[in-house]
Amino acid sequence: MSVTNPLPDGLADKGGPAQPLLIVRNLQKYFPVRGGILGGKKALVQAVDGVSFEVKKGETLGIVGESGCGKSTTARLLIGLIDKDKGEIIYDGQDLGGTLSLRDLRRGVQMVFQDSYASLNPRLTIEESIAFGARIQGLSDPVGRARRLMERVGLAPDRFAQRYPHEVSGGQRQRINIARALAMSPRLVVLDEAVSALDKSVEAQVLNLLADLRAEFGLTYIFISHDLNVVRYISDRILVMYLGEVVEIAPVDQIWSSQAHPYTRSLFSAMPSMDPDNRTMEPPLAGDPPNPINPPSGCRFHTRCRFAETVCKAKVPTLRPLSVGSEHLAACHLHDLGSGHSKAGKDVLA
Amino acid sequence: MTGNLVDIRNLNVRFTGARTVHAINDLTLTLKQGETLALLGESGSGKSVTLKTLLRLLPPKRTQIDGEIEVNGVDVLTLSGKKLQAYRGEEVSMVFQEPGLALDPVYTVGDQIAESVMRHKGVRKEEALSTALDMLRRVRIPSPERRLRNYPHELSGGMLQRVMIALALACRPRLLLADEPTTALDATVQIQILLLLRDLQREFGMGVIFVTHDIGVAVEVSERIAVMYAGQIVEEGTTREVIKDPRHPYTRGLLAANLHDAARGARLNAIPGAPPSLDTRPDACSFAPRCPLAEPACRAALPPVHVPSDRRRVACIHANAFVAAE
């Protein structure tokens, strides 16, 4: 797919269409926390542990998982808001920290956060906020760019340019954040729960806007959300995380019709039913997700999994295609014939 | 009298101060004993204000309330002093969105539940603690004896919400008010709490008013739904009626925005615009500025309330036309 960027000063494509826009390999981030009664011993929150995935040019990758699974930490690592402990982030063939500087990465990758108010400077007008990054990066005509983008996201510049963030509604503020991200002419936009704080009727408007902008500017999205319906609607592929690890990745239609990992299965069945005649009768999982400070051994899901056997406690499953060449990957001993799990290869989930 | 557990008639709630907000406008609502009603609406629609008014939690100096509220025959708006204290917790109690904020961090969860039982039932501490233990069992907390002695920070979000429910139900209220109790929880935990509430409602036979912005949650937990917009109820009926045969354009818009069966990549039928500010009391249909079917009559006067069947109502001039249009 050819990717053109109608805004001037967009970064040129370097790797060609076949080069994934983003490659993440073995990303790891542990946060130290004080443990013990006197706060003496250091414990580590294993927020992101060995995460690998690729994002193709022009696609939308949805990331789902519960709180503490590491989806937001992954997003923050991707744009260098926090430093990774280990692993590689390769943007359009260039290695972050090697041939690619953080400054250049942020020309190519921008982010929209959940809290639309906290992510804007309250002392800057809307126009100044949107123009700020472009000015810092030395792009041409930052103010004109800001006004064009305001128009594009549905905020009339004459009415809104001189207002402050507290003077507009949540939906409008999220449009400002989207415009600000686009002011850098990025190619990849990371949307971290960007529509989650909005009311449903406003959320639909913003999703329509995101879909239009994606087509118009040839954007690639990483869309993080806890709302599976929203992720299904906007994504091409879905990545599922649990306690800092990737448990499943698949094209959206495949994962929607058959989830390969028992956790994904439970997560999907935990969605409230929309049919009053067919309500959920049994919760798919008991208890809360374990603490990422001291995650379970082997497969991190084994403590809540109804198919768990000794092998699951002992051995970490690897993320592997369900069949040769399949785009559907899962990290579960059930799908690894050589794992030693008694039900390996059998279709027990259905 | 009416045999209803809750009778709210022509309730108006106004917040005064630097600016006036007409939060609830002429709200009428009934709940029968043992019924579960979901109040469905977006932020600012007045659903939480309705709950707080029922429990008289709004600051009296800055709030003007008129209308009538009866709960189990008691005139709630005239209660004061000891009677109000007895009403809260004994007749009616509430579960909040953030159990971490609603519980006191310096007391064990057992002591907090026991305190409420001692206060309302006038029993000794040992007996109150055994009631607390029984409640922790009923909300299915694993190893309840140990959990009784835990402080709130030692429990996970899902456990805290179970404790909150145990606390609310410890004195066997006739009416439970639940204000978005699962919104802050993870998906796999949310469904556990919803099913728990459904079971406890059946077991205790209490009435429940469940405030939520999530239609899926309302479907899981309630037998009736009242949809709120701009401080008014725009549509009410059984859950099946409202979900399968929505009559108000706003309800239809909300159902479409849920994305439950939206085709991937297709354009969403989003409701344009945003809810009104409520600086003035609505004198026409509040939804008209965003409504695809609005006509001059909608902007001229308050919409008539259609009552297609018993306890079903729709505040829209098109309420009947919809059926023909389909």
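As the structure is a computational prediction, the values presented were derived from the model and not from experiment. Residue positions are given per chain, counting from 1 as you read along its sequence in written order. Chains carry letters from A onward and ligands carry numbers from 1 onward, assigned in written order. Per-residue local features of the predicted model are confined to residues with pLDDT of at least 70, and side-chain atom pairs are confined, for both listing and counting, to 80 or more; whole-chain, interface and lining totals are unaffected and use all residues.

## Comments concerning the overall build of chain A
Counting its secondary structure elements, chain A contains 11 helices and 12 strands. Just to be clear, the radius of gyration here is over C-alpha atoms, and the globule rule we use is 2.2 Å times residues to the power 0.38. Its C-alpha atoms give chain A a radius of gyration of 21 Å, within 12% of the compact-globule value 20 Å for 350 residues. Based on the C-alpha atoms only, the size of chain A along its principal axes is roughly 65 × 55 × 55 Å. Counting every position in chain A, which comprises 350 residues, the buried fraction comes to 46%. Counting only contacts in chain A whose residues sit at least 6 apart along the sequence, the fraction spanning at least 24 positions is 66%. Secondary structure is summarised from DSSP: a helix means a run of H or I of at least four residues, a strand means a run of E of at least two, and numbering begins at the N terminus for each. Residue burial is a threshold on neighbouring C-beta atoms within 10 Å of the residue's own C-beta, all placed from the backbone, with 20 or more meaning buried, 12 or fewer meaning exposed, and counts in between meaning partly exposed. Two residues qualify as being in contact provided that their C-beta atoms, derived from the backbone, are within 7 Å of each other.

## Quick word on the overall build of chain B
Scanning chain B from N- to C-terminus turns up 13 helices and 12 strands. Expressed along its principal axes, the backbone C-alpha trace of chain B runs to roughly 65 × 50 × 40 Å. Per-residue burial over chain B gives 48% buried out of 326 residues. Of the contacts formed within chain B by residues at least 6 apart in sequence, a portion of 63% connects residues at least 24 apart.

## Remarks on the pairing of strand β4 (residues 86-91) of chain A
Residue and element names in this part refer to chain A. By definition, two strands form a pair when at least two bridges between them are found by DSSP. Relative to β4, strand β1 (residues 22-34) runs antiparallel, the two sharing five bridges. Opposite L22, over in β4, you have Y91 as the bridge partner. Two strands pair when backbone bridges link them, and β4 and strand β5 (residues 94-95) are joined in this way by two bridges, in the antiparallel orientation. The residue of β5 that forms the bridge with I90 is D95. Remark: two residues form the turn of the hairpin made by β4 and β5, two consecutive strands paired antiparallel; D92 in that turn has positive phi of roughly 45 degrees.

## Some points on the UniProt feature "domain: ABC transporter" (unreviewed entry) in chain B
UniProt positions are given in the numbering used here, feature names are shortened, and annotations may be inferred rather than shown by experiment. When the UniProt feature table is mapped onto this chain, "domain: ABC transporter" (unreviewed entry) is found at residues 8-255 of chain B. For residues 8-255 of chain B, helix accounts for 42% and strand for 26%, while the C-alpha atoms at its two ends are 27 Å apart.

## Some remarks on the environment of S116(A)
All names here are of chain A. In this fold, S116 is placed in the loop between β6 (109-112) and α3 (126-136). Since 23 C-beta atoms lie within 10 Å of it, S116 is described here as buried. Placed 59 residues apart in sequence, S116 and R175 show a C-alpha to C-alpha distance of 8.9 Å. Residues within four places of S116 in sequence aside, it is in contact with G170, R173, Q174, N177 and A197.

## Remarks on the sheet that holds β6(A)
Residue and element names in this part refer to chain A. Ordered by their spatial adjacency, eight strands build an open sheet running β6-β7-β8-β3-β9-β10-β12-β11, and the pairing between neighbours is mixed. Since the sheet does not close on itself, it has two edges, and those belong to β6 and β11 (320-321), each with one partner. Inspection of the sheet shows strand β3 (residues 60-64) paired to strand β9 (residues 237-242) by four bridges, in the parallel sense. By the bridge assignment for β9, V64 is matched with V240.

## Description of the sheet that holds strand β7 (residues 175-179) of chain B
Residue and element names in this part refer to chain B. Ordered in space as β6-β7-β8-β3-β9-β10-β12-β11, the eight strands form an open sheet in which the pairing is mixed. The strands lining the two open edges of the sheet, one partner per strand, are β6 (92-95) and β11 (305-309). Shown here is a sheet whose adjacent strand axes are inclined to one another by a mean of 20 degrees, direction ignored. Sheet analysis places β11 next to strand β12 (residues 312-315), joined by three bridges and oriented antiparallel. Residue pairing across strands places S309 opposite R312, the latter belonging to β12. Each of β6 and β7 is contacted by helix α7 (residues 157-169), which is oriented at about 175 degrees to β6, the strand it contacts most. Only C-alpha atoms enter the line fits that serve as axes; for helices the fit covers just the stretch in contact. Angles between N-to-C directions range over 0 to 180 degrees.

## A short note on helix α8 (residues 187-204) of chain B
What a helix should span is 1.5 Å times the count of its residues minus one. With 18 residues, α8(B) should cover 26 Å at 1.5 Å per step; its first-to-last C-alpha distance of 26 Å lies within 8% of that length. Trailing α8(B) by a residue or two, G205(B) shows a phi angle of about 65 degrees, which is positive.

## Let's talk about the confidence of the model for chain B
When pLDDT is averaged across chain B, the result is 92; 98% of the residues are at 70 or more. Among the prediction metrics, the complex's ipTM stands at 0.85, with pTM recorded as 0.89. Per residue, pLDDT captures the predictor's confidence, and it can take any value from 0 to 100.

## Some points on the packing of helix α4 (residues 109-121) of chain B against helix α5 (residues 125-138) of chain B
Residues and elements named next belong to chain B. Orientation of α4 relative to α5, taken along the N-to-C sense of each, is 120 degrees, at an axis distance of 8 Å. When the axes of α4 and α5 are compared, the pair comes out oblique. In this structure, α4 crosses over α5, and the sense of that crossing is right-handed. Residues G110, I113, A114, V117 and M118 of α4 lie in contact with α5, whose contacting residues are K125, A128, L129, T131, A132 and M135. Nonpolar residues are Ala, Val, Leu, Ile, Met, Phe, Trp, Tyr, Cys and Pro. Charged residues are Asp, Glu, Lys and Arg, and all others, Gly as well, are polar. When the residues that make up the contact of α4 with α5 are grouped by side-chain class, the tally is eight nonpolar, two polar and one charged. Orientation is classified from the angle alone, with under 35 degrees giving roughly parallel, over 145 giving roughly antiparallel, 65 to 115 giving roughly perpendicular, and any other angle giving oblique. Note on convention: near helix rotated counterclockwise from far helix by under a right angle means a left-handed crossing. Clockwise means right-handed.

## Here's the deal with the nonpolar core
When a protein is soluble and globular, its nonpolar side chains tend to lie buried together. Here a nonpolar core is just a set of buried residues of the types Ala, Val, Leu, Ile, Met, Phe, Trp, Tyr and Cys, joined wherever their C-beta atoms sit within 7 Å. Of all hydrophobic cores here, the largest spans 189 residues; its most connected members are V190(A), I222(A), A166(B), L177(B) and V227(B). Element by element, the count of residues in this core is highest for α7(B), at nine residues. Where a domain begins and ends is set by an automatic assignment or by a domain database. Residues from two domains meet in this core; each of domain 1 (22-235) and domain 2 (242-272 + 281-335) of chain A gives at least three. Not counting chain neighbours up to four residues away, the residues in contact with I222(A) comprise V55(A), L61(A), I63(A), A75(A), L188(A), V190(A) and L191(A).

## What about the interface of chain A and chain B?
For interface size, the figure often reported is the accessible area lost on association. Of the residues lining the interface, 34 residues belong to chain A; the matching set on chain B comes to 35 residues. The set of elements that each furnish at least two residues to the side of chain A that touches chain B consists of α7 (200-217), α8 (228-234) and α10 (262-269) of chain A. Ranked by residue count, the leading element in the side of chain A that touches chain B is α7(A), at eight residues. Residue composition of the side of chain A that touches chain B, grouped by class: 16 nonpolar, 11 polar and seven charged.

## What about the domain arrangement of chain A?
Residue and element names in this part refer to chain A. Segmentation of chain A into domains returns domain 1 (22-235) and domain 2 (242-272 + 281-335). Look at where the C-alpha atoms of domain 1 and domain 2 centre, and you get two points 27 Å apart. Across the boundary between the two partners, domain 1 contributes 19 residues, which contact 14 residues of domain 2. Contributing elements (two or more residues each) for the side of domain 1 that touches domain 2: β2 (42-55) and α8.

## Topic: the pairing of strand β10 (residues 232-238) of chain B
Residues and elements named next belong to chain B. Within β10, six of the seven residues are buried, which leaves it mostly tucked inside the rest of the structure. Where strand β9 (residues 224-229) meets β10, six bridges bridge the pair, whose relative direction is antiparallel. Bridge pairing in β10 links V227 to E235. Hairpin connection between β9 and β10: a loop of two residues separates the two successive antiparallel strands, and A230 in this loop has a positive phi of roughly 50 degrees. Two strands pair when backbone bridges link them, and β10 and β12 are joined in this way by two bridges, in the antiparallel orientation.

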